[in-house]
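Structural characterization, general
Now for the letters of each chain:
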Amino acid sequence: MAAKKSNERKLTRFEKARILGARAIQLSMGAKPKVEIGDSLDPIDIAALELEEGVLPLDVKPKN
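Below you will find a few notes about this structure. (Residues numbered from 1 in each chain as written. Predicted model: local features only at pLDDT ≥ 70, side-chain atom pairs only at ≥ 80, totals over all residues. Heavy atoms only, no water.)

For the α-helix, the turn length of 3.6 residues means that residues three or four positions removed from each other point alike. Taken residue by residue, helix α2 (residues 43-53) has I46, A47 and E50 as its buried positions. The buried residues of α2 all sit within an arc of 100° when viewed along its axis, so they share a single face. The inward-facing, buried residues of α2 contact α1 (13-28). (Buried < 20%, exposed > 50% of the residue type's maximum accessible area, 1.4 Å probe, protein only. Helix = DSSP H or I, 4+ residues; strand = E, 2+ residues; numbered from the N terminus. Arc of directions from axis to C-beta. Contact = heavy atoms within 4.5 Å.)

Before going further, it helps to spend a moment on the environment of L49. Note that L49 resides in helix α2. Spatially, the C-alpha atom of L49 lies 9.2 Å from that of E36, the residues being 13 residues apart in sequence.

For R23, the location among the structural elements is in helix α1. Excluding anything up to four places from it in sequence, R23 contacts A31, K32, P33, K34, A47, E50, L56, P57 and L58.

From the geometry alone we can't say anything about function, so treat these as descriptive.
Structural data, given as structure tokens:
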């Protein structure tokens, strides 16, 4: 069985912080979450869950 290869690159800690912060602001301003909300209503926790599940509606364009 072959291992699954991903074409996506790993985000740096700075990119991850910027994306989570931007999405958390959107959520706090009334955007609807794209994941099922559990116990926490904190926008940063919801944004992190969206990033983890791969449904975050933001893209990172690498600087070339």
